[in-house]
Amino acid sequence: MGYADVNGVRLWYEVHGTGRPLVLLHGGYGSAEMFDPIRPALAARRQVISVDLQGHGRTADVDRPLRYESMADDLGALLRHLDLPEADVLGYSLGGGVALRTAIQHPGQVRRLVLVSTPFRRRGWYPAVLAAMAAQDERVAEQMRGTPPHELYERLAPRPQDWPTLWAKTGELQRHDYDWSAEVAALALPVLLVYADADSIPVGHMAEFFGLLGGGHRDAGGDGTDRPASRLAVLPGLTHYDIVGSPALPAAVLPFLTHEVRTPA
């Protein structure tokens with residue numbers, strides 16, 4: 001574990017296991033610890049690189065807004081710092097947006113992409129969820145003091161006093177509009193979309209996302225020849241908030257990372 005100075009950010013990361021590299025990107029207000037329940041299962045098969053994104057966990061904030069695009073550039077620079085020509089990338093929620101932008105902005109560096117509970121446009125969340133995220137600010141940060149995420153931040157952050165800033169910047173990020181549908185449709189790598197069946201993202205958006213990746217347009221055929229390179233998994237009995245710790249997640253992810261990709265006829 002250690003720090004890498006990239007793009008003006010002192011980015012914290014840790015490495016577990018051996019094999020082909022798999023980068024894990026946590027969700028909002030979290031850190032690499034979000035993956036503690038499933039990291040052993042992943043590290044038994046892969047070299048797992050967990051990253052704390054800008055302003056999260058052990059990575060201090062810097063004087064720039066939180067943006068998926070800039071954090072994706074941070075990750076691209078980290079992979080170069082680690083001398084990794086390419087890696088598989090798994091991102092959850094906020095980290096999923098960063099992972100998706102990394103594949104878009106640095107296509108040669110991402111071999112396979114796993115997006116967990118991630119939309120491709122801002123309005124891909126349920127309206128009530130989006131409104132709540134957009135309302136996050138310093139006042140909400142004060143209300144969240146003493147909760148498990150705040151206690152973890154207090155323990156890990158280089159500057160614990162930045163807790164309100166993280167909430168203000170995250171709220172501003174969630175008010176910033178985006179729609180990456182054209183760039184998603186142009187992706188040339190295999191993507192696994194993973195959602196909970198009671199996620200914060202409507203099933204219709206999941207299906208639309210899969211459709212942009214070439215899925216859901218035709219029968220695969222008796223021998224599977226016309227199966228798309230990308231995959232969609234909807235995990236039962238889970239929500240946006242507990243999917244990342246479920247053993248069902250690595251059970252869906254690991255086969256995707258190793259299956260042979262065939263170009264549909």
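Figured I'd write up the structure that's included with this text. All residue numbers refer to position in the chain's written sequence, counted from 1. For a predicted model such as this one, the threshold for reporting local features is a pLDDT of at least 70, and the threshold for listing and counting side-chain atom pairs is 80 or more; totals across whole chains, interfaces and linings nevertheless cover every residue. Note: side-chain values were computed over all heavy atoms of the structure, leaving out hydrogens and water.

**Topic: the overall build of the chain**
Here's step 1: Every helix listed is a DSSP run of H or I at least four residues long, and every strand listed is a run of E at least two residues long, numbered separately from the N terminus. Of the regular secondary structure elements, the chain holds 10 helices and eight strands.
Here's step 2: Based on the C-alpha atoms only, the size of the chain along its principal axes is roughly 60 × 40 × 30 Å.
Here's step 3: With 265 residues in all, the chain has 55% of them scored as buried.
Here's step 4: Long-range contacts, defined as pairs at least 24 residues apart, comprise 76% of the intrachain contacts of the chain with a sequence gap of at least 6.
Here's step 5: A 1.4 Å probe and the Shrake-Rupley method give the accessible areas. Residues count as covered only by the protein chains that appear here. Carbon and sulfur atoms provide 54% of the accessible area of the chain, an area that totals close to 11100 Å².
Here's step 6: For the chain, the separation between the mean place of its 25 positive charges and that of its 31 negative charges on side chains is 3 Å. The classification of residues rests on relative accessible area computed with a 1.4 Å probe and restricted to protein chains. Under 20% of the type maximum is buried, over 50% is exposed, and intermediate values are partly exposed. We call two residues in contact whenever any of their non-hydrogen atoms come within 4.5 Å of each other. For the purpose of charge, His is not counted, nor are the chain termini; Lys and Arg are scored as positive and Asp and Glu as negative. All charge positions are set by atom: Lys at NZ, Arg at CZ, Asp at CG, Glu at CD.

**Considerations on the pattern of salt bridges**
Here's step 1: Salt bridges are counted wherever a side-chain nitrogen of Lys or Arg sits within 4 Å of a carboxyl oxygen of Asp or Glu. Tallying each qualifying case throughout the model produces 16 salt bridges.
Here's step 2: Across the pair Glu 183 and Arg 101 runs a salt bridge, and its minimum N-O distance is 3.3 Å. Of this pair, Glu 183 sits in helix α8 (residues 181–185) while Arg 101 sits in helix α3 (residues 94–105), placing them 82 residues apart in sequence.
Here's step 3: Classification of Glu 183 as partly exposed rests on a relative accessible area of 32%.
Here's step 4: Among the residues examined, Arg 101 registers a relative accessible area of 7% and is labelled buried.
Here's step 5: Note that Asp 179 and Arg 121 form a salt bridge whose closest N and O atoms lie 3.2 Å from each other. Pair noted here: Asp 179 is in the loop between α7 (163–175) and α8 and Arg 121 is in the loop between β6 (110–116) and α4 (127–134), with a separation of 58 residues, a long-range link.
Here's step 6: Among the charged side chains, a network of salt bridges with common partners joins Glu 14, Asp 36 and Arg 39.

**Section: the nonpolar core**
Here's step 1: By size, the foremost hydrophobic cluster in this structure holds 55 residues, and its most contacted members are Val 23, Leu 25, Leu 100, Leu 113 and Phe 209.
Here's step 2: Ignoring any residue separated from it by four or fewer positions in sequence, one finds Leu 100 in contact with Leu 113, Leu 115, Phe 120, Trp 180, Val 184, Leu 187 and Phe 209.
Here's step 3: Listed in part, the 24 residues of the second largest apolar core include Phe 35, Leu 90, Leu 192 and Ala 196. Buried Ala, Val, Leu, Ile, Met, Phe, Trp, Tyr and Cys residues that are joined via side-chain atoms within 4.5 Å together make up what is termed a nonpolar core.

**Concerning the environment of Arg 123**
Here's step 1: Checked against the element boundaries, Arg 123 lands in the loop between β6 and α4.
Here's step 2: Judged by its relative accessible area of 61%, Arg 123 is exposed.
Here's step 3: Residues Arg 123 and Tyr 178 lie 55 residues apart in sequence; the distance between their C-alpha atoms is 8.4 Å.

**Brief notes about the sheet that holds strand β3 (residues 21–25)**
Here's step 1: An order of β1-β2-β4-β3-β5-β6-β7-β8 is seen for the eight strands of this open sheet, with the pairing classed as mixed. The strands lining the two open edges of the sheet, one partner per strand, are β1 (2–6) and β8 (231–239). Strand-to-strand twist of the sheet, defined as the mean angle between neighbouring strand axes without regard to direction, takes the value 25°.
Here's step 2: Inspection of the sheet shows strand β7 (residues 191–198) paired to β8 by six bridges, in the parallel sense. Bridge pairing in β8 links Ala 198 to Thr 239.
Here's step 3: In this analysis, axes come from line fits to C-alpha atoms, helices being fitted only over the stretch in contact, and the angle between any two N-to-C directions falls in the range 0 to 180 degrees. Against the sheet, helix α2 (residues 68–81) makes contact with β1, β2 (9–16), β3, β4 (47–52) and β5 (87–92), and its axis sits at roughly 115° relative to β1, the strand it touches most. In this description, strands pair whenever DSSP reports at least two bridges between them.

**A short note on the packing of α2 against α3**
Here's step 1: Put simply, α2 and α3 touch, their axes get as near as 8 Å, and they point 70° apart. One way to sum up the angle between α2 and α3 is to call them roughly perpendicular. Note on packing geometry: the crossing formed by α2 with α3 is right-handed. For the pair formed by α2 and α3, the contact residues are Tyr 68, Glu 69, Met 71, Ala 72, Asp 73 and Leu 75 on the first element and Leu 94, Gly 97, Val 98, Arg 101, Thr 102 and Gln 105 on the second.
Here's step 2: In the contact of α2 with α3, the residues fall into six nonpolar, three polar and three charged. Any angle from 65 to 115 degrees is called roughly perpendicular, while one under 35 is roughly parallel, one over 145 is roughly antiparallel, and all others are oblique. Left-handed describes a crossing whose near helix is turned anticlockwise from the far helix through less than a right angle; right-handed describes the clockwise counterpart. Gly counts as polar in this scheme, as do all residues outside two lists: the nonpolar Ala, Val, Leu, Ile, Met, Phe, Trp, Tyr, Cys and Pro, and the charged Asp, Glu, Lys and Arg.

**Brief notes about the pairing of β5**
Here's step 1: Most of β5 is tucked away: six of the six residues are buried.
Here's step 2: Burial of the side chains of β5 extends over both faces: Ala 87, Val 89 and Gly 91 are buried on one face and Asp 88, Leu 90 and Tyr 92 on the other.
Here's step 3: Of the pairings in the sheet, the one linking β5 to β6 comprises five bridges and is parallel in character. Counterpart to Gly 91 in the pairing with β6 is Leu 115.

**Overview of the side chain of Ser 31**
Here's step 1: Examined against the element boundaries, Ser 31 turns out to sit in the loop between β3 and α1 (39–43).
Here's step 2: For Ser 31, a relative accessible area of 1% gives the class buried.
Here's step 3: Of note is the side chain of Ser 31, whose polar atom sits 2.6 Å from the side chain of Glu 33.
Here's step 4: In this structure Ser 31 touches His 26, Asp 52, Gly 57, Leu 152 and Leu 156, once residues within four positions along its chain are discounted. Here a polar contact is recorded for every N or O atom pair within 3.5 Å, except that within protein the pair must consist of a potential hydrogen donor and a potential acceptor, and residues adjacent in sequence are included only if both atoms are side-chain atoms.

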